[in-house]
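Survey of secondary and tertiary structure
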Amino acid sequence: MPIPGSGLAKGLAVTLRTMTKKTVTAQYPDKQPELPPRTRGVIGLFEENCTVCMLCARECPDWCIYIDSHKETVPAAAPGGRERSRNVLDRFAIDFALCMYCGICIEVCPFDALFWSPEFEYAETDIHELTHERDKLREWMWTVPEPPALDPGAEEPKEIAAARKAVEKAATAAAAAQAQAEAQAQAEGDQAEGDQQ
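Just so we're clear, the structure is a prediction, and the values are computed from it rather than from any experiment. In every chain, residue numbers begin from 1 and rise along the written sequence. Residue-level local features of this predicted model are given only where pLDDT is at least 70; pairs of side-chain atoms are given and counted only at 80 or more, and the full residue set underlies all totals for whole chains, interfaces and linings. Based on all heavy atoms of the structure, the side-chain values leave hydrogens and waters out of the count.

What follows is about the overall build of the protein chain. Summing up its helical and strand segments, the protein chain has five helices and five strands in all. Think of it this way: any DSSP run of H or I at least four residues long counts as a helix, any run of E at least two long counts as a strand, and we number them from the N terminus. Mapped in sequence order, the helices and strands of the protein chain form the string α-β-α-β-β-α-β-β-α-α. Seen through its C-alpha atoms, the protein chain measures out along the principal axes to roughly 125 × 45 × 30 Å. Any residue under 20% of the maximum accessible area for its type is buried, any over 50% is exposed, and the rest in between are partly exposed; the area is computed with a 1.4 Å probe on protein chains only. Per-residue burial for the protein chain yields a buried fraction of 19% across its 197 residues. Sequence-distant contacts in the protein chain: of pairs separated by 6 or more residues, those separated by 24 or more amount to 72%. Per-residue and other accessible areas follow the Shrake-Rupley method at a 1.4 Å probe size, with only the shown protein chains counted as cover for residues. Of the roughly 15300 Å² of accessible surface on the protein chain, 56% is carried by carbon and sulfur atoms. Any two residues whose heavy atoms approach within 4.5 Å are treated as being in contact.

Below, the structure is given as structure tokens:
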């Protein structure tokens, strides 16, 4: 049979033990928390990459992405060519009151226009103000951290390899053109010298 009051004594012992330890409470907002490197805070928009393909809005399970656009006609690049039409982004907004931070919109974006930003201080007093427009999403884009470095033994990404080959090819072509121009100038100089004699 338990001794009467033993539960109270155990509780007081725990209280006395924890009273002597240093507190670990972070005094937010005076002290900002150290966030993990890949924190999912809010979604930033890199507007220049957005082609208004609407994949993010269609795939969103919460339907919290609002996109408006219009079509513009682009004149032909070359004479005799045909005019093209392209979508122009008018509105891109995300309702963070509905968003469940699943990241599907970021994953399905084929042009890398959406990124995770570690920003988390966007509380509002009115729920209607949690719908953030493209200007605010653009501001959050500049807080997106650099992607993690590749493993030292990993093979070079295809995009970088293709870009490096294109630069090397252009440099080789420029060097060949320079050598050809110098040879032509030398030949013209020799011919002019021969004509004078």
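A few words on the nonpolar core. Buried Ala, Val, Leu, Ile, Met, Phe, Trp, Tyr and Cys residues form a nonpolar core when they are joined through side-chain atoms within 4.5 Å. By size, the foremost hydrophobic cluster in this structure holds 26 residues, and its most contacted members are Ile43, Ile65, Ile67, Phe92, Ile94, Phe96 and Leu114. For this core, the secondary structure elements donating two or more residues are strand 1 (42-45), helix 2 (55-59), strand 2 (65-74), strand 3 (84-95), helix 3 (104-108), strand 4 (114-117) and helix 4 (134-141).

Moving on, we get to the pattern of salt bridges. Only one rule defines a salt bridge in this text: a Lys or Arg side-chain nitrogen within 4 Å of an Asp or Glu carboxyl oxygen. Summed over all chains, the structure comprises six salt bridges. For Glu72, the salt bridge identified is with Arg86, shortest N-O distance 3.5 Å. Of this pair, Glu72 sits in strand 2 while Arg86 sits in strand 3; the two residues are 14 residues apart in sequence, bridging distant segments of the chain. Using a relative accessible area of 33% as the deciding quantity, one classes Glu72 as partly exposed. Judged by its relative accessible area of 45%, Arg86 falls in the partly exposed class.

Moving on: helix 4. Among the residues making up helix 4, those that are buried are Leu137, Arg138, Trp140 and Met141. The buried residues of helix 4 occupy an angular sector of 160° when the element is viewed end-on, so they sit on one face. Elements that come into contact with the buried residues of helix 4 comprise strand 1, strand 3, strand 4 and strand 5 (131-132). Comment: arc refers to directions from the helix axis out to C-beta atoms.

For Lys10, the position within the fold is in helix 1 (residues 6-19). Relative accessible area serves as the criterion here: at 62%, Lys10 is assigned to the exposed category. Counting along the chain gives 59 residues from Lys10 to Ser69, while the straight-line C-alpha distance between them is 66 Å.

Glancing now at the sheet that holds strand 3. Pairing is antiparallel in the open sheet, where three strands are placed in the order 2-3-5. Of all the strands in the sheet, the pair left with one neighbour each is strand 2 and strand 5. Both strand 3 and strand 5 contribute to a ladder of two bridges, which runs antiparallel. Bridge pairing in strand 5 places Ile94 opposite His132. Against the sheet, helix 4 contacts strand 3 and strand 5, and its axis sits at roughly 85° relative to strand 3. Note on pairing: two strands pair once DSSP finds at least 2 bridges between them. Note on method: axes are straight lines fitted to C-alpha atoms, helices fitted across the in-contact stretch only, with angles between N-to-C directions ranging 0 to 180 degrees.

Here the focus is the environment of Thr131. Within the element layout of this structure, Thr131 appears in strand 5. For Thr131 and Arg84, which are 47 residues apart along the polypeptide, the C-alpha to C-alpha distance reads 33 Å. Each residue touching Thr131, except ones within four places of it in the same chain, is listed here: Tyr66, Arg91, Ala93, Ile94 and Asp95. For this analysis, a polar contact is any N or O atom pair within 3.5 Å, provided that within protein one partner can donate a hydrogen and the other can accept it, and provided that sequence-adjacent residues contribute only side-chain to side-chain pairs. Here Asp95 takes part through its side chain, which lies 3.4 Å from a polar atom of the side chain of Thr131.

Below, the discussion takes up the packing of aromatic side chains. What describes a pair of aromatic rings is the distance from one ring centre to the other and the angle between the planes of the rings. Working definition: rings of Phe, Tyr and Trp (its six-membered ring) pair if their centres are within 6.5 Å, and the pair is stacked with planes under 30 degrees apart, edge-to-face with planes over 60 apart, and tilted otherwise. All told, the structure shown has seven aromatic pairs when counted by the stated rule. The interplanar angle of 40° and the centroid separation of 6.1 Å between the aromatic rings of Tyr28 and Phe120 together place this pair among those described as tilted. A residue pair is termed long-range when its members are at least 10 positions apart, and Tyr28 in the loop between helix 1 and strand 1 and Phe120 in the loop between strand 4 and strand 5 qualify at 92 residues.

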